[in-house]
Amino acid sequence: MTIQLNGQPVELPEDVKNIDDLLRHYQLENRIVIVELNHEIADKSKYTQLPIADGDKVEMIHFVGGG
Amino acid sequence: MLKIGDQRFKSRLLLGTGKYPSFEVQKEAVRVSEAEILTFAVRRMNIFEATQPNFLELLDVSQYKLLPNTAGAKTAEEAVRIARLAKASGLCDMVKVEIIGCDKTLLPDPVETLKASEMLLAEGFIVLPYTSDDVVLAKRLEELGVHAIMPGASPIGSGKGIVNPLNLKFIIEQSSIPVIVDAGIGSPKDAAFAMELGADGVLLNTAVSGAKDPVKMALAMKKAVEAGRLGFEAGRISEKEYAVASSPEEGMVTS
């Protein structure tokens, strides 16, 4: 499956089926990260229930230094 | 005490977290500044370098109040999107509305700032808009119900200090919500001056992160903000045209 992740096309292995899997795939499950799936903010408590499909647009957002 | 919404803060210095030479220096600067409110920006992760450490994750976030900004937004809608993303982290309910209307001066867009503030207030955010030092705009924002007003002293990162103290004074005098002077502070004297004018707080970043010794400057800013505030509360003497002797004029030993 291919999704648009932070504006770039990425190829994902078969076993990545939902947002929770996606975060684990990138080893981000314990990081401060906010996920947007097709322009909707993903509820943290529902990551395992949010399936991702071919062509989905996913944004992974975090906090960086700023004034 | 600085009171924003229903929260109280001992420190009147708010510190930005951008452009420090290293995380170690930054951590120490934050510590000595005794700032309780730290600003952050919201950005896409570089997922291909996701193992890179992140400053926020090195901090004990329970000890600080996070103030995410909406920098990067050019419209109210973009600012609202960024604010919602920040809130979805579960780490913050405050937002610094920052909508740049001019790339060269980085001055804020007053119309979009007003619009975004109204939308964010309706969603229950604690709203702190970064604005120009426009007295009427400050009044209009206060009427909307924002929780603090943050007029710039001079353009972001310029270090020019307070270019229009009269406007800032007008804003401070008319305002019944906290006024936090944000942007343009260059040195401790600027921070002290802002506080002497009666500001409730000062938000700065580059003045510390870009200093030769950021840790020492963080301490200097802490003291400047405290000194300025004490001076304001103590009430300075009025200026006179000519000298007024401080020693008694009776009982002179000469003549």
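Scroll up to find the structure this text is about.
Draft legend 1. The packing of helix H1 (residues 23-33) of chain B against helix H9 (residues 214-234) of chain B, seen in detail. Residue and element names in this part refer to chain B. Packing of H1 against H9 leaves a shortest axis separation of 8 Å and a crossing angle of 20 degrees. The orientation of H1 with respect to H9, classified from their angle, is roughly parallel. Helix-helix and strand crossings are classified by hand; for H1 and H9 the assignment is right-handed. Two secondary-structure elements touch here, H1 through Val25, Glu28, Ala29, Val32 and Ser33 and H9 through Pro214, Val215, Ala218, Leu219 and Lys222.

Draft legend 2. Examining the pairing of strand S5 (residues 57-65) of chain A more closely. Residues and elements named next belong to chain A. Strand direction decides the pairing type here: strand S1 (residues 2-5) and S5, joined by two bridges, are parallel. In the strand pairing of S5, Gln4 is matched with Lys57. Pairing analysis gives four bridges linking strand S3 (residues 34-37) to S5, with the strands arranged antiparallel. Looking at the pairing, Leu37 lines up with Val58 of S5.

Draft legend 3. Up close: unusual backbone geometry. Positive phi outside glycine occurs at Asn6 of chain A, with the angle close to 50 degrees. Its place among the elements puts Asn6 of chain A in the loop between S1 and strand S2 (8-11). In this structure Asn6 of chain A comes out as buried when scored by relative accessible area, which is 8%. For Glu34 of chain B, which is not glycine, the phi dihedral falls at a positive 60 degrees.

Thresholds applied
- Residues numbered from 1 in each chain as written.
- Chains lettered and ligands numbered in written order.
- Predicted model: local features only at pLDDT ≥ 70, side-chain atom pairs only at ≥ 80, totals over all residues.
- Heavy atoms only, no water.
- Axes fitted to C-alpha atoms, helices over the stretch in contact; angles between N-to-C directions.
- Helix = DSSP H or I, 4+ residues; strand = E, 2+ residues; numbered from the N terminus.
- Parallel < 35°, antiparallel > 145°, perpendicular 65-115°, else oblique.
- Left-handed = near helix turned anticlockwise from the far one by under 90°.
- Contact = heavy atoms within 4.5 Å.
- Pairing = 2+ DSSP bridges.
- Buried < 20%, exposed > 50% of the residue type's maximum accessible area, 1.4 Å probe, protein only.

These figures come from the coordinates and say nothing about function on their own.
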